[in-house]
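Residue-level structure breakdown
Listed below are the residues making up each chain.
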Amino acid sequence: MNKIANDLGTKSISQLILKQAIPASIGILVMSINMIVDTIFVGRWIGVLAIAAITVVLPIAFLISSIGMGVGIGGSSIISRALGANKDDKAFEVFGNQISLTIVLSVLFVLVGTFFSTPILQLFGANGDIITPATEYFDVIVWGVPFLAFAMMGNPVVRAVGKPNYAMLTMLFPAIANIFLDVIFIKFMNLGMYGAGLATSISYAVSGLFILWFFISKRTELKIIPKYFKLNFSIVKEIISLGGVTVVRQGTISILTIVLNYSLFKYGGEISIAIYGIINRVMLFALFPVLGVTQGFLPIAGYNYGANNIERVKETIKTSILFGTGIAVLIFIMIMLFPTELVGVFTEDEKLLKLTPDALIVAFLATPVITTQLIGSAYFQAAGKALPALLLTLLKQGFFLIPLVYILPKFYGVNGVWMSFPIADVLSTALTYAYLKREVRLNLN
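Read on for a plain summary of the structure. All figures in this text were calculated on a predicted structure; none of them were measured in a lab.

**Overview of unusual backbone geometry**
Of note in this structure, Asn190 is not a glycine but carries a positive phi near 55°. Relative to the assigned elements, Asn190 resides in the loop between helix 8 (164-188) and helix 9 (192-216). In this structure Asn190 comes out as exposed when scored by relative accessible area, which is 65%. Of note in this structure, Asn308 is not a glycine but carries a positive phi near 65°. For Asn308, the location among the structural elements is in the loop between helix 12 (288-306) and helix 13 (310-337).

Shown next, in the form of structure tokens:
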């Protein structure tokens, strides 16, 4: 794996960030387009309640798949540092343990989801008329979640071994499959929510199988080797301590979803949940390049931290924040200028077209500052510092957004929900900046 070492340890930071971030951004973009198209199809071909149902269900699926994501990000952090320290054997063993953990945990959670689907859906806000389409959708996609978990596990590892283009394809292929299958199952076969769920589940399988192919092909030096499947307690502990950050974050997002859907349903009914469904899709789409920079940052920072190249670590932090903030400012301008046009992509419903643009503008008010919070928490994960990574990751959703979404609507109605987003962004960014500045002063000098 010397070529990986030469690239991550010697090439210019700007060049490396672009090399890692562009494929990551494209992958996130395609995944976001996939979810957006899914929402457009069900909204136009099934109805407003279908948008609300998907808004309720997808966080549950991603909570289950976050097991794989957490194992992937935690393990890839260890692998990046192991490669930086020329410990290739450890990288192989970590990867084998990642595979075993992902399979066991994702299957366990799928069984729970299958046998307790109704109470889980109700917990996440499938109230009123939403419960029927949500159940129909969830009962199908739950069987594709183990494939999604495996893909989520493998994707950051692919980036860690210096193959960002293949990480991009992991998200590109299933997105294309899902769009075509949506048209076939929903439009032509008229299968409704069952068809939407079937298309999504098959697309998850495409993603997982592509990751499997990659690691048994000649495209990578890091291979799937059965002798490394035996769990090593010390490695598992390290994976969980770092990957737990991602799982807890997704768990917090799921709790946020419960609180959000409760407040939205209480103060605005089913229509408010549909409004948030559109805002959430716009967030996924609009922020893809910023998230791509964050994903590109992780293997570069992790490798150079493991190699003790402190100056390169600091340069990676500074350059990533600069790139991401510039992009975020452009996104902010576009949202402020064209909110109605963006909403019109998703729906022709007059009520949604009237209510959603103003809510969208409010939710995006703090977009220019978000990169610092994302890169700040990502640095501690890349450096293997689990506790500060966990705390900083939870700042926005856990410490600020959940309480705000619960409290503000008591005074401002449903508008209080939209106001909560920029307030949480500003508060979490300010604290992350202060903590990151302290870390640089004390440990990166």
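**Describing the packing of helix 10 (residues 233-268) against helix 19 (residues 415-443)**
Between helix 10 and helix 19, whose axes approach to 9 Å, the crossing angle comes to 145°. Along its contact with helix 10, which presents Leu260, Ser263 and Leu264, the element helix 19 presents Val417, Trp418 and Phe421. For the contact of helix 10 with helix 19, the per-class residue count stands at five nonpolar, one polar and no charged.

**A look at the environment of Gly269**
Mapping Gly269 onto the fold places it in the loop between helix 10 and helix 11 (270-286). Taking relative accessible area as the criterion, Gly269 reaches 17% and is therefore assigned buried. Spatially, the C-alpha atom of Gly269 lies 9.6 Å from that of Val414, the residues being 145 residues apart in sequence.

**Some points on the pattern of salt bridges**
Taken as a whole and judged by the stated rule, the model has five salt bridges. Put simply, Glu238 and Lys90 hold a salt bridge, and the shortest N to O gap is 3.7 Å. Here the residue Glu238 occupies a position in helix 10, and Lys90 occupies one in helix 4 (residues 88-115), the gap between them amounting to 148 residues. Classification of Glu238 as partly exposed rests on a relative accessible area of 24%. Measuring nitrogen to oxygen at the nearest pair gives 3.3 Å for the salt bridge that ties Glu311 to Lys314.

**Looking at the side chain of Thr102**
Relative to the elements of secondary structure, Thr102 occurs in helix 4. Under the relative-accessibility criterion, Thr102 is labelled buried at 1%. When residues no more than four places from it in sequence are discounted, the contact partners of Thr102 are Gly68, Val71, Ala149, Phe150 and Met153.

**A short note on the environment of Asp7**
Within the secondary structure, Asp7 sits in helix 1 (residues 2-10). Other than its neighbours up to four places away in sequence, Asp7 contacts Leu16, Lys19 and Arg312.

**Details of helix 16 (residues 370-382)**
When the terminal C-alpha atoms of helix 16 are compared, their 19 Å separation across 13 residues agrees well with the 18 Å that a helix rising 1.5 Å per residue should span. Of all 13 residues in helix 16, twelve are buried, a share of seventy percent or more. On the buried face of helix 16, the contacting elements are helix 3 (48-84), helix 10, helix 12, helix 13, helix 17 (386-407) and helix 19. At the C-terminal side of helix 16, Gly384 shows a positive phi close to 80°.

**A word on the packing of helix 3 against helix 10**
Two numbers describe how helix 3 lies on helix 10: the axes approach to 7 Å, and their chain directions differ by 160°. The angle between the axes of helix 3 and helix 10 places the two elements in the roughly antiparallel class. For helix 3 against helix 10, the interelement crossing comes out right-handed. For the contact of helix 3 with helix 10, the class distribution of residues is twelve nonpolar, twelve polar and three charged.

So, how was this worked out
- Residues numbered from 1 in each chain as written.
- Predicted model: local features only at pLDDT ≥ 70, side-chain atom pairs only at ≥ 80, totals over all residues.
- Heavy atoms only, no water.
- Helix = DSSP H or I, 4+ residues; strand = E, 2+ residues; numbered from the N terminus.
- Buried < 20%, exposed > 50% of the residue type's maximum accessible area, 1.4 Å probe, protein only.
- Axes fitted to C-alpha atoms, helices over the stretch in contact; angles between N-to-C directions.
- Contact = heavy atoms within 4.5 Å.
- Nonpolar A, V, L, I, M, F, W, Y, C, P; charged D, E, K, R; others polar.
- Salt bridge = Lys/Arg side-chain N within 4 Å of Asp/Glu carboxyl O.
- Expected span 1.5 Å × (residues − 1).
- Parallel < 35°, antiparallel > 145°, perpendicular 65-115°, else oblique.
- Left-handed = near helix turned anticlockwise from the far one by under 90°.

Take it as geometry only, folks, not as evidence of what the structure does.
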